[in-house]
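Results of the structural survey
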Amino acid sequence: MSKSVYVAAIVVAALGGAGLFALNTNIAEHKGESKTQPLKTFEISDEEPDFAKWGRNFPAQLDGYLQMKDEYIETPFGGSLPYSKIIRWPAATTFWNGYAFAVDYSKPRTHYYSQIDQMETKRNNKEYLNAHGLPAFKGQPGACVNCHTGFLTAIYKSDKLSPSFMLGKTEVMGAKKMGFFDVFGEKGEAMKEAWTNMNKMPYFDVMKKVEEKYGDGIHGSHMGSTCADCHNPDDMSLRVTRPAFVNAMVLRGYEADAKSGIKASRKEMRNYVCMQCHVEYYFEGKDSTLTFPWTKWKKDEAFKIENFDEYYDEKFANGEFPYDYIQKDTKTKIIKMQHPEAEMYSSSLHYRSGVTCADCHMPYKRDGANKVTNHNILSPLADINAACKTCHPQSEQVLKDRISFIQNRHAYELRGCENNLLALIADIKTAREELAKLPEFANLEDKARDDAISKVIEKAQYAHRKAHIRWDVSFSENSYGFHSPQEFMRIIGQCKEVAREGQAELANALAPYGIKIELTKTATIPAAPLKLDHKPPTGSLPTETMKKVDEDVKNLNFK
């Protein structure tokens, strides 16, 4: 070996050794980081649920959370771009005619904006609602605060804010229905009172009290969902903090817990922290108590749409909750479905395979040597690699195509459901007009006439109510079919069938009066409303890409 080659070999070996030493040192440092992180340096509590204060101990999670401020992800049917859904799909304005959602309904933004969006929506603007044909609406109740603010625990629990809601003894639901507060002993009575008073206050009165204690910025009354909603300040373990969720779960047979809200494994909690808000709900009684309609949904079973039928039919029969609103065209007493992700996901293959909400919407990521849950909460389509490929080995494009097919098929079938429901509404409206001309109805006062006609066509109206529930679940649930494709197809099929059955019932009801109308087969879709005066980008017009998707769906141009 020549001298130059020998020297070169020594240099290469030395460099290799130095590189190996550096690598081992780096690995050792990262291992040290993984053992020492996260460090809890600052004390945190429900007194100060501000994400900035909690994030001092957990900077990686805070970084993810803050990314949601600027995330405007467009996907074919979801994402976080807050476009107007009633402009994109105007049939909804007919279905919700008589209710605030017919005036304004946009795709929600990220959790960072959950409070801001609620404060800015026209559904919470009583002057706007009154000027647009809804004179009885006074804005939303404080019950809406339950899932739109990070200050909920402070409202019912902390000494800094809860006394603001102690208005003197108020009539509250019995202990057997208030499992969340029972586990706190004597303190639970005060917490229950604060929560009950919050529910029945006007929305902006509640937020005014928050503003008085914490200010009006994003770290005060404008703060949306945050750390305190899902984590215990003592050790950052997962918890549920929404009393209505715990109450509903207790009635299903689960057990409340003072620390975690509900007794459950950590894996179950990775679902429950999301399920406490992503649900169907209503406001019960004069106190507008937030209530989940789950007593017919049996413990450890998948939800079925018939559980809602049974629950709301019972509430209608005993007068406890007959309706959310009366549809203006048909005078039918309608239940407005909210966003039942929890219910629908329970029947999915993913759920049955042990996949949690957090696995897909908050997938793990690397922060140095640490493996952390991504707190930039988005559609899985924003990061297929992290959200899906952990379990699915196929290419990203193959996985996107699978999602696209499910959602496109859902959209196509849902448009068919909308046609049949629009047809039923149009025919009921015509039938009411024809019946009102008859002497036995024409001479009655307005309300008496409406009630008498409703008695004649009650079976058609019940079909309207039942079909509407199925349309609204399929339309308002935010996965647009993906959370449980098979169950959604069953529900939409029922919607189409029940609506047509309602038309047949209507024809049968009119026959004794000698009235025959031509039943509608292909309905007319109403014109889209004009763009609302929102602060951009909320209420944006549907994009050209969305329009192309809808046109392809209409023409079955998908595979």
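Residues numbered from 1 in each chain as written. Predicted model: local features only at pLDDT ≥ 70, side-chain atom pairs only at ≥ 80, totals over all residues. Heavy atoms only, no water.

Here's the deal with the nonpolar core
To keep it simple, the criterion reads: To qualify as a nonpolar core, a set must consist of buried Ala, Val, Leu, Ile, Met, Phe, Trp, Tyr and Cys residues joined through side-chain atoms within 4.5 Å. Each residue is assigned to one of three classes by its accessible area relative to the maximum for its type, calculated with a 1.4 Å probe on protein chains only: buried under 20%, partly exposed between the two thresholds, exposed over 50%. In this description, contact between two residues means that some pair of their heavy atoms is separated by no more than 4.5 Å.
Counting 65 residues, the largest nonpolar core has Phe245, Ile262, Tyr272, Phe292, Trp294 and Val473 as its most contacted members. For valine 473, the residues in contact, after removing those within four places along its chain, are Ile305, Phe308, Met337, Pro340, Met344, Phe488 and Ile491. Among the nonpolar cores identified, the runner-up in size contains 49 residues, and Phe77, Trp96, Leu438 and Ala460 belong to it.

Some details on the packing of aromatic side chains
Quick note on the threshold: Pairing of aromatic rings covers Phe, Tyr and Trp, the last through its six-membered ring, and needs centres within 6.5 Å; plane angles under 30 degrees mean stacked, over 60 mean edge-to-face, and all others mean tilted. Labels follow the DSSP assignment, with helices taken as runs of H or I lasting at least four residues and strands as runs of E lasting at least two, numbered in each case from the N terminus.
Scanning all chains against the criterion turns up 43 aromatic pairs. The interplanar angle of 15 degrees and the centroid separation of 4.6 Å between the aromatic rings of tyrosine 99 and tyrosine 325 together place this pair among those described as stacked. With tyrosine 99 in the loop between helix 5 (91-95) and helix 6 (114-120) and tyrosine 325 in strand 5 (residues 325-326), this residue pair connects regions lying 226 residues apart in the sequence. Relative accessible area serves as the criterion here: at 15%, tyrosine 99 is assigned to the buried category. Each ring, one from phenylalanine 441 and one from tyrosine 513, has its centre 5.9 Å from the other, and the planes form 50 degrees; the classification is tilted. Residue phenylalanine 441 is located in helix 21 (residues 439-442), and its partner tyrosine 513 is located in the loop between helix 24 (485-510) and helix 25 (544-554); the two are separated by 72 residues in the primary sequence.

Examining unusual backbone geometry
The step from proline 536 to proline 537 runs through a cis peptide bond, and the omega angle for that step is 5 degrees. Relative to the assigned elements, proline 537 resides in the loop between helix 24 and helix 25. Positive phi is not limited to glycine here, since methionine 236 has a value of about 65 degrees. Summarising the element assignment, methionine 236 is placed in the loop between helix 12 (227-230) and helix 13 (243-252). Looking at methionine 236, the relative accessible area reads 18%, which means it is buried. Of note in this structure, aspartate 300 is not a glycine but carries a positive phi near 65 degrees. Along the polypeptide, aspartate 300 turns up in the loop between strand 4 (289-291) and helix 15 (305-318). Judged by relative accessible area, which is 63%, aspartate 300 ranks as exposed.

Side note on the state of the cysteines
To keep it simple, the criterion reads: Any two cysteine sulfur atoms lying within 2.5 Å of each other are counted as a disulfide.
Enumeration over the complete set of coordinates arrives at two disulfides. Here cysteine 147 pairs with cysteine 277 through a disulfide, and the sulfurs are 2.3 Å apart. Here the disulfide of cysteine 147 and cysteine 277 is left-handed, its torsion about the S-S bond being about -95 degrees. With cysteine 147 in the loop between helix 7 (126-131) and helix 8 (152-156) and cysteine 277 in the loop between helix 14 (266-275) and strand 3 (282-284), the pair connects residues that are 130 residues apart, well separated along the chain. The exposure class of cysteine 277 is buried, given its relative accessible area of 17%. At a sulfur-sulfur separation of 2.1 Å, the disulfide partner of cysteine 417 is cysteine 495. Here cysteine 417 and cysteine 495 share a disulfide; its torsion about the S-S bond, 70 degrees, makes the bridge right-handed. On the criterion of sequence distance, the pair formed by cysteine 417 in helix 20 (residues 396-436) and cysteine 495 in helix 24 is long-range, its members being 78 residues apart. Its relative accessible area of 0% is what places cysteine 495 among the buried residues. The connectivity of the disulfide-linked cysteines in the protein, indexed sequentially, is 1-2, 3-4. Looking at the unpaired cysteine 227, the closest cysteine sulfur is the one in cysteine 230, lying at 8.8 Å. In this structure cysteine 227 comes out as partly exposed when scored by relative accessible area, which is 21%.

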